[in-house]
Amino acid sequence: DAGITQSPRHKVTETGTPVTLRCHQTENHRYMYWYRQDPGHGLRLIHYSYGVKDTDKGEVSDGYSVSRSKTEDFLLTLESATSSQTSVYFCAISELRQGSGEQFFGPGTRLTVL
Amino acid sequence: KNEVEQSPQNLTAQEGEFITINCSYSVGISALHWLQQHPGGGIVSLFMLSSGKKKHGRLIATINIQEKHSSLHITASHPRDSAVYICATIGDKLIFGTGTRLQVFP
């Protein structure tokens, strides 16, 4: 299994509070991604990173920000959580850019916003 | 209409049955990715293929680029195959299907 961990694995928070999810990899892959998974939808890309300090938006980026200060860590921040952000969040990594190769996924973080 | 559609959405089978899960897509792609999501939530890559067929153990994936269709087959299904199977098209970006939930009963 690719070395990807996510923390926390579960979190319950209240509307309006900031939340940060962490993704950590030990594979030294260049590309890192944050997805959310909701019933009735396929995995949807929130943000991705193509290198340290290099990030870009995905299809559902509103309300989220990311940072990558080290190759191994990719942080997803909800500045002010809303109930619509209740979801399961997956981090993924790949050696090649999205669209060129296989992605490897972390175990997921279940976030509930009350 | 979703760009990637899977069928069926839900599938139940008896142990030993041959299983087929379908994935149709409308976008141009360079390859297609099959993934398995365990009941605990983890997502595992099964196959990435751009033509023909790939086999790994009891799993077989096929793709027809001209018809924009891929299938995932499971031979001699087992309860441990119970999971959600997801296809994702690989082009300019990854587009994921909504998954097929498979339950195999003893």
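Residues numbered from 1 in each chain as written. Chains lettered and ligands numbered in written order. Predicted model: local features only at pLDDT ≥ 70, side-chain atom pairs only at ≥ 80, totals over all residues. Heavy atoms only, no water.

A. Structural view of the environment of D92 of chain B. Considering the arrangement of structural elements, one finds D92 of chain B in the loop between β9 (83-90) and β10 (94-96). Separated by 65 residues in sequence, D92 of chain B and V27 of chain B place their C-alpha atoms 9.8 Å apart. (Helix = DSSP H or I, 4+ residues; strand = E, 2+ residues; numbered from the N terminus.)

B. Inspection of the layout of surface pockets at higher detail. Taken as a whole, the largest pocket holds about 800 Å³ of empty space. What lines the largest pocket is a set of 36 residues, among which Q37 and R110 of chain A together with Q37, V84 and R101 of chain B lie closest to the centre. Counting only elements with at least two residues in the lining of the largest pocket, the list comes to β9 (87-94) and β11 (109-113) of chain A together with β9 and β11 (100-105) of chain B. Looking at the lining of the largest pocket, its residues break down into 10 nonpolar, 22 polar and 4 charged. (1 Å grid on protein atoms, 1.4 Å probe; cavity = no way out; pocket = protein on both sides within 12 Å on 5 of 7 lines; lining within 4 Å. Points joined across faces, edges and corners; volume = space filled by probe spheres on them. Nonpolar A, V, L, I, M, F, W, Y, C, P; charged D, E, K, R; others polar.)

C. Layout of the sheet that holds strand β7 (residues 64-70) of chain A. All names here are of chain A. The sheet built from 4 strands is open, its strands ordered β1-β3-β8-β7 with antiparallel pairing. Taken across any chain shown, the strands that pair with only one partner, and hence form the sheet edges, are β1 (4-7) and β7. When strand polarity is set aside, the average angle formed by the axes of neighbouring strands in this sheet is 20 degrees. Here β1 runs beside strand β3 (residues 19-25); their pairing, made up of 4 bridges, is antiparallel. Each bridged residue has a counterpart across the sheet, and for I4 the counterpart in β3 is Q25. (Pairing = 2+ DSSP bridges. Axes fitted to C-alpha atoms, helices over the stretch in contact; angles between N-to-C directions.)

D. Representation of the pairing of β7 of chain A. Residue and element names in this part refer to chain A. Of the pairings in the sheet, the one linking β7 to strand β8 (residues 73-78) comprises 5 bridges and is antiparallel in character. What sits directly across from S65, in β8, is T77. Where β7 folds back onto β8 in an antiparallel hairpin, the turn is made up of 2 residues.

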